[in-house]
Amino acid sequence: SFQALRCFLCIASYFICKNAGGTIILFAFFNRIITLGYKRPLQREDLFELNDHDSPYTVCPAFEKHWKEEHIQRRKVTKETPMERKPSLFRALWRTFRVLFIQVFLLKLLADMLAFVSPQVLLIAFCENQPLLDWSGPTYAVVLFVAAASYTLILQVYHRLNMLAAAKIKTAVIGLIYKKALSITNSSRRKFTTGEVVNLMSADAQQLMDMALNMNLLWSAPFQILLAIYFLWKELGSAVMAGLAVLLLIIPLNAFVASRVKHLKKTHMKAKDQRLKLLNEILHGIKILKLYAWEPSFLQKIVKVREGEMEVLKSSGYLTAFSMLTLTCVPFLVSMASFGVFVMKNNENVLTASTVFTSISLFNILRLPLFDLPTVISSIVQTKISLGRLERFICCDELDPTSIQTEYLGGDARCILISVYFVIFRLNLKIADESLVAVVGQVGAGKSSLLSAILGEMEKVEGLIQRKGTVAYVSQQAWIQNATLQENILFGANMIESRYHLVMEACCLLPDLELLPHGDQTEIGERGVNLSGGQKQRVSLARAVYADADIYLLDDPLSAVDVHVGNQLLEKVIGPAGLLKNKTRVLVTNSTVVLPLADQILVMDEGRIIEMGSYEKLLSDNFLQCFSCQFHSPLNLLGPYFQVKGSVILKYLNSFGTFWVTLTMLAYISQNTVSLGQNWLLRTWTDEAKQVQEMAKWIELRDSRLRMYGELGVIQALAVCFGAFVLTKGTLQASRTLHYQMLDSILHLPLLFFETTPIGQLVSRSTKDIYVIDERFHYYLRTWFSCLLDVIGTVVVIIVATPLFAVAIVPLGILYFSIQRYYIASSRQIRRLDGASRSPVISHFSETLLGVSTIRAFGYQDRFISQNKEVIYENLVCYYNNVISNRWLAVRLEFVGNLMIFLAALFMVKNKSHLDSGTVGLAMTYALNITATLNFWVRKACEIETNAVAIERICEYSEMDKEAPWTLPTRPPADWPEQGIVHFDKYEARYKRNLEPALHDVSFQTLCKEKVGIVGRTGAGKSTLTNCLFRILEASKGRIFIDGVDISAIGLHDLREKLNIIPQDPVLFSGTVRENLDPLGSHSDSELWMALELCHLKDFVQSLPEHIHHEVAEGGENLSVGQRQLLCLTRALLRKTKVLILDEATASIDLETDNLVQMTIRKTFSDCTILTIAHRLHTIMDSDRVLVLDSGRVVEFDSPENLLEKGGVFYHMVSEAGIIQNDIGP
């Protein structure tokens, strides 16, 4: 048998050498990174790059090929399979990576077989029976060392390839999700919220990766269990069947636990999706929340969802208690049953040290597969759920590229021909080459849907669409990338200086470059948060113009810009003399200025073209009456790097609770002490058994020791259950506390933070980092503490057996901790780089989801897919280096551990004559586990330090500068303000300390119930004035008074709850119409219907299936922009305040509705002070006074009549807008 063992080790050594060279197998090539990281902080450039066959550029196309083959096979219908087979993601993954899976399988098989070598080295038998040769003892010690070292090397190669395979699976799935998101139909897309789709990439793809890591345990765990039972049979005979019966009894219980876990995981994923969806909406609508002082209300909404998660986590924690009980007590129950039956079935069966401790070593091997099996079963359940979610998304219908013929058969070079029936309208239309077509109609008439049809974004039922030439698209809500201004305009095209400058000038962006801190190299935040609405729209237009396409689809780009800017855009870009004069242009608009310039006008109503023709024709037919009256009627101007510190761990323990921390430590100390007592009892039993000669005394000893062994087992089980219970309680308290503190801190941060911080970063904190706190960090702490107790117990037992070992433990311990500290410096930095590289993946994906229509319109899908692969590549580089760093550590730590086994064996051989076999058996049993225990302990210490980054990142928000308190002890009177008099007194404000003031020495005062229009060119400070009034921006000098109260002396919510605003960007949240109008639930249904009627939305809402309880999609996507704006207006009508700010609130609605809304505002808010920021000047011509701003200063403030008479800035703006005849003088 010894010769067979030697041959087996030779084969293992040969496999190691053949698999990779010494520098690979020992990961010596990574020494450079570890050394460099110890000397200085690592940078991305320091890391090793991926091999070509491991990169996304190779993995994604290979997987997509097999996925297409899977789709093709699904469509094949034969006699044997009359039903179509659903395409399987798992089958496609298997076909793509099967060679790598087989390699991993073979390595795992060899490692599992090596794990059973050490217990078979009968060193204990040598100690009991004097060998014939003196060198047998040292030889067995050497064999132990070689077997352990071979196992270590094989296992680490297995882990490296296994993690690489898992990373490839995640990469392939993410690539497929991203590609699908660019081709999915709009109807299918509406079935998924943005949060759900992002979760597919962040959570479900990660779940597949986790399953791939544990996939081999599905066969490995049963294999190890069977091998252990086989060797146990050789030691205990048929008595081992009693232990096997215990195992079989546990399996149904584990199956029940797995079914419960499946249900809990589904519930948890739904709650997590709901929380992420709500968080996304809050972050995207944070400005509205702050302006309306709704933060506490939405905070409570998330807390309510979070409490649902807590309930699931609590149930999961109690199931974990059962798993821990299984892990800890099943080996005891198996050994108790096996040893009990062994000694009870035959009185001549005596437990010798060889039998007991060889069996215990095998039982210890049994513990890990027994623990892994339920974990893998649970992981399979969760993976099945994730596979279902992923397949549901990637099997959705895609846009049919054949629905639009891009080769027009007519004579025009660039033309659009539509003769088609869509789901919502029937159209017959031909648009000529180089023509300007204006599309007009009321809110919800189908104007934007017409452009979607031309783009192929709608579901075609029948008919024909033909177009020829490239397309550029400007959406109604500008889509801006998180990149520099220049990169947003170039949009991947080559830089041509002359054309770039021409486009910037035509789109009126040159003056904005002077206002931006770094000109066109200024980084634009997500959704263009650091740009005004007009600037975002002009950047979006400039992007389209620079693309030099053949066909331009413009969805009301003039609504968000000032009148004079709109006129310049018409003149220099869109109109007959503009840059696009030789292009085909389809312009959706509510502006009357455009109509005389259009070659053709389409009038739409309820999804149909009710009239088309030239401006003169339609005007004579009265189809443009609602527009022409505004355009022609004279105005009555005379009428009214973190570094993780111990304090971070302390923060977690403080949130955990001192009480629960103390109880958890006591429970685990008790558990490990009892476990040590059980093994010490077996050692005593074997020594006493050798000295007993009489059968009666042996039976008495047997019964006594069995009873004591069982009692210790019961105590251990109670300690395990109690420890799991208090751990669950403390974990829930820590999760609840840290999540609430993070969310509360985020909502208290100033708006500037959200304008400069990617939303992907905040989402990552609430997903990945919260996941670490919820489900991982307490596990790392628990296992670290448990391993620490195991290490202490092992060292104590070995030193008691061989005191000489104490001399060796000191240098080996120093070596251990030196390697650990040397490694942690680099590991921490690689882990941080890994975390930092994850956010761009999520951010880029979220950004793509928002701009998918624009991307498809420009035909840039391939470029964005390539960009997605770039960010995935960067993340994989950091991940792979992190994997190698872990393997580098494991090889070295386990080598030191193997040395400890070798030295312990040699010392025991030397002192054999002074040791009893029971002590030697106990000591060697513990020594054989020291490698895994120490390695696991150090690994968990590293995991704690690296994962503590999650706690650090979450806690950092509480240390940031917050905005002013929401409430102060000094509160204004309940009826404040009564008159609504706003007074700016020498006010100055700046966005950052190092920037020039955005407002300079602003001084003015409104009268009671006065209507004031605020005008000025782009960048004049109009929106800044609003921000200052709401204290979004604090004063650097001067003060603001409302009815004599200094607003800086009261709480933010006391101020904002008393102000009312209708913002330029209509922001709606997912939920019912009622919840959007009245989030606080403070108004009755009758009040809501009255407000809807005043805003001319009553008929529309009544036509909805659920009326005011109709579900609004995320971001209001199932409503037109105009309808969203009217809902926001309705929301404002319900707020009874004395000061109202209108930030171009009617820019997205048609002029007829605009007239009605303006009348509603005048009537409903007649007793309020109204400040109107105007882009369309006709909306403020009936104001009591007009405030004219220029470069942050007040240049004019008087009635419209007086300002026109003076002939100043306001007069020229009105003249440019065409509201008065140019020959009228001052």
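Residues numbered from 1 in each chain as written. Predicted model: local features only at pLDDT ≥ 70, side-chain atom pairs only at ≥ 80, totals over all residues. Heavy atoms only, no water.

Summing up its helical and strand segments, the chain has 41 helices and 21 strands in all. When the 1226 residues of the chain are sorted by exposure, 60% land in the buried category. Roughly 49500 Å² of accessible area belongs to the chain as shown, and the carbon and sulfur atoms make up 58% of that amount. (Helix = DSSP H or I, 4+ residues; strand = E, 2+ residues; numbered from the N terminus. Buried < 20%, exposed > 50% of the residue type's maximum accessible area, 1.4 Å probe, protein only. Areas by Shrake-Rupley, 256 points an atom, 1.4 Å probe, with all protein chains shown as cover.)

To continue, consider the pairing of strand 12 (residues 1011–1015). Among the five residues in strand 12, five count as buried, and that is most of the element. Across the two faces of strand 12 the burial is the same, with Lys 1011, Gly 1013 and Val 1015 and Val 1012 and Ile 1014 all buried. Pairing geometry for strand 12 and strand 19 (residues 1169–1173), over four bridges, is parallel. Paired with Ile 1014 across the bridge in strand 19 is Ile 1173. (Pairing = 2+ DSSP bridges.)

So, on to the nonpolar core. Formed by 282 residues in total, the largest nonpolar core has its most connected members in Leu 89 and Leu 1029. With 23 residues, the top contributor of residues to this core is helix 31 (residues 861–910). Those residues within four positions of Leu 1029 in sequence are excluded, and the remaining contacts are Val 982, Phe 984, Ile 1040, Ile 1042, Ile 1047, Leu 1055, Leu 1059, Ile 1141 and Leu 1171. Grouped together as the second largest cluster of nonpolar side chains are 28 residues, Ala 115, Leu 227, Ile 229 and Val 343 included. (Core = buried A, V, L, I, M, F, W, Y, C linked by side-chain atoms within 4.5 Å. Contact = heavy atoms within 4.5 Å.)

Pairing within the open sheet is mixed, and its six strands lie in the order 15-18-19-12-20-21. Looking at which strands have only one partner, the edges of the open sheet turn out to be strand 15 (1059–1062) and strand 21 (1193–1198). Looking at each pair of strands side by side, their axes are set apart by 20° on average, direction ignored. (Axes fitted to C-alpha atoms, helices over the stretch in contact; angles between N-to-C directions.)

In this structure, Pro 977 follows Trp 976 across a cis peptide bond, with omega equal to -10°. Looking at the secondary structure, you find Pro 977 in the loop between helix 32 (917–956) and strand 10 (982–989). Phi at Asp 548 is positive, roughly 55°, even though this residue is not glycine. Along the chain, the position of Asp 548 falls in the loop between helix 20 (533–546) and strand 6 (551–555). Positioned with a positive phi, His 1096 is a non-glycine residue whose angle comes to about 65°. Mapped onto the secondary structure, His 1096 falls in the loop between helix 36 (1085–1094) and helix 37 (1098–1103).

To continue, consider the sheet that holds strand 3 (residues 436–441). If you trace the six strands from one edge of the open sheet to the other, you get 5-6-7-3-8-9, paired in mixed fashion. Edge positions in the sheet fall to strand 5 (471–474) and strand 9 (608–613), since each of these pairs with one other strand and no more. If you compare each strand with its neighbour and ignore which way they point, the axes differ by 15° on average. Together, strand 3, strand 5, strand 6, strand 7 (584–588) and strand 8 (600–605) form the strand contacts of helix 16 (residues 447–455), whose direction differs from that of strand 6 by roughly 150°. Contacting strand 5 and strand 6, helix 20 crosses the sheet at an angle of about 180° to strand 5.

As a further point, take the packing of aromatic side chains. Here the structure, examined in full by the defined rule, presents 33 aromatic pairs. Each ring, one from Trp 479 and one from Phe 864, has its centre 6.0 Å from the other, and the planes form 45°; the classification is tilted. On the basis of relative accessibility, which here comes to 6%, the residue Trp 479 falls in the buried class. Phe 864 sits in the buried class, given a relative accessible area of 0%. Cluster of aromatic residues (ring-pair linked, three or more members): Trp 479, Phe 491, Phe 858, Tyr 860 and Phe 864. Positioned above the aromatic ring of Phe 491 is the side chain of Arg 543, whose terminal nitrogen or guanidinium carbon lies 5.1 Å from the ring centre. (Phe/Tyr/Trp six-rings, centres within 6.5 Å; stacked < 30°, edge-to-face > 60°. Lys NZ or Arg CZ within 6 Å of the ring centre and 35° of its normal.)

Another aspect to go through is the pattern of salt bridges. Counted according to the given criterion, the structure contains 37 salt bridges. Among the salt bridges present, the one from Lys 314 reaches Glu 311, with a minimum N-O distance of 3.5 Å. Taken together, the residues Lys 314 and Glu 311, both in helix 14 (residues 295–345) and three residues apart, mark about one turn of the helix. Residue class for Glu 311 comes out partly exposed when judged on its relative accessible area of 43%. (Salt bridge = Lys/Arg side-chain N within 4 Å of Asp/Glu carboxyl O.)

We now examine a positive patch on the surface. Together, Lys 262, Lys 266, Lys 270 and Lys 384 give the surface a local cluster of positive charge. A total of three residues in the positive patch trace back to one element, the largest contributor, which is helix 12 (residues 240–284). By the element assignment, Lys 270 lies in helix 12. Residue class for Lys 270 comes out exposed when judged on its relative accessible area of 62%. (Patch = residues over 30% accessible without salt bridge, like charges linked within 9 Å, V, L, I, M, F, W, Y side chains within 5 Å. Lys, Arg positive; Asp, Glu negative; His and termini not counted. Charge placed at Lys NZ, Arg CZ, Asp CG, Glu CD.)

Time to look at the confidence of the model for the chain. On average, the chain scores 79 in pLDDT, and the residues at 70 or more come to 84%. Taken as a whole, residues 1–6 scores under 50 in pLDDT and shows six contacts with residues more than four places along the chain or in a different chain. Here residues 123–127 is modelled with pLDDT under 50, and outside its nearest four sequence neighbours on either side it reaches 16 contacts, counting other chains as well. (pLDDT = per-residue confidence, 0-100.)

With that out of the way, let us pick up the environment of Phe 101. As for its placement among the helices and strands, Phe 101 is situated in helix 5 (residues 89–115). For Phe 101, a relative accessible area of 11% puts it in the buried group. A C-alpha to C-alpha distance of 9.7 Å links Phe 101 and Ala 166, two positions 65 residues apart in sequence. Apart from the residues lying within four places of it in its own chain, the contact partners of Phe 101 are Leu 93, Trp 94, Ala 165, Ile 169 and Met 215.

Right, let's get into helix 3 (residues 31–39). Regarding helix 3, the residues found buried are Ile 33, Ile 34 and Gly 37. Looking straight down helix 3, one finds that the buried residues subtend no more than 100° of arc, so they occupy a single side. (Arc of directions from axis to C-beta.)

Another point: the pairing of strand 13 (residues 1037–1042). Inspection of the sheet shows strand 10 paired to strand 13 by five bridges, in the antiparallel sense. Note that in strand 13 the partner of His 983 across the bridge is Phe 1041.

So, on to the environment of Gly 388. In this structure, Gly 388 sits in helix 15 (residues 353–394). On the accessibility criterion, Gly 388 (29% relative accessible area) is partly exposed. For the pair Gly 388 and Asp 204, spaced 184 residues apart in the sequence, the C-alpha separation amounts to 9.7 Å.

What follows is about helix 16. Among the nine residues of helix 16, eight are classified as buried, and the element is accordingly described as predominantly covered. A positive phi of about 85° marks Gly 456, the residue just after helix 16.

This paragraph deals with a nonpolar patch on the surface. On the surface, a cluster of nonpolar side chains totalling about 480 Å² of accessible area is made up of Phe 90, Trp 94, Ile 102, Phe 105 and Leu 106. Along the chain, Phe 90 falls in helix 5.

Below, the discussion takes up the side chain of Arg 765. With respect to the secondary-structure elements, Arg 765 resides in helix 28 (residues 759–801). What makes Arg 765 buried here is its relative accessible area of 7%. Those residues in contact with Arg 765 that lie beyond four places of it in its chain are Met 742, Ile 770, Arg 953, Ile 954, Glu 956 and Tyr 957.

This part covers the packing of helix 28 against helix 29 (residues 805–850). Where helix 28 meets helix 29, the axes come as close as 14 Å, and the angle between the chain directions of the two elements is 170°. It follows that helix 28 is roughly antiparallel to helix 29 by the angle criterion. Contacts between helix 28 and helix 29 pair Gly 760, Gln 761, Ser 764, Lys 768, Val 795, Ile 798 and Ile 799 from the former with Phe 805, Ala 806, Ile 809, Arg 838, Ser 839 and Ser 843 from the latter. (Parallel < 35°, antiparallel > 145°, perpendicular 65-115°, else oblique.)

A separate point is the side chain of Thr 522. Along the chain, the position of Thr 522 falls in the loop between helix 19 (510–515) and helix 20. Note on Thr 522: relative accessible area 4%, which makes it buried. Here the side chain of Thr 522 touches Gly 519 through a polar contact of 2.8 Å, landing on its backbone oxygen. Here Thr 522 is in contact with Ala 483, Thr 484, Leu 485, Leu 516 and Pro 517, once residues within four sequence places are set aside. (Polar contact = N/O pair within 3.5 Å; in protein donor to acceptor, adjacent residues only side chain to side chain.)

A separate point is the packing of helix 10 (residues 194–214) against helix 29. Where helix 10 meets helix 29, the axes come as close as 10 Å, and the angle between the chain directions of the two elements is 145°. Note on packing geometry: the crossing formed by helix 10 with helix 29 is right-handed. Between helix 10, through Thr 194, Val 197, Val 198, Met 201 and Ser 202, and helix 29, the contact on the second element is made entirely by Val 841, Ile 842, Phe 845, Ser 846 and Leu 849. A class-by-class count of the residues in the contact of helix 10 with helix 29 yields seven nonpolar, three polar and no charged. (Left-handed = near helix turned anticlockwise from the far one by under 90°. Nonpolar A, V, L, I, M, F, W, Y, C, P; charged D, E, K, R; others polar.)

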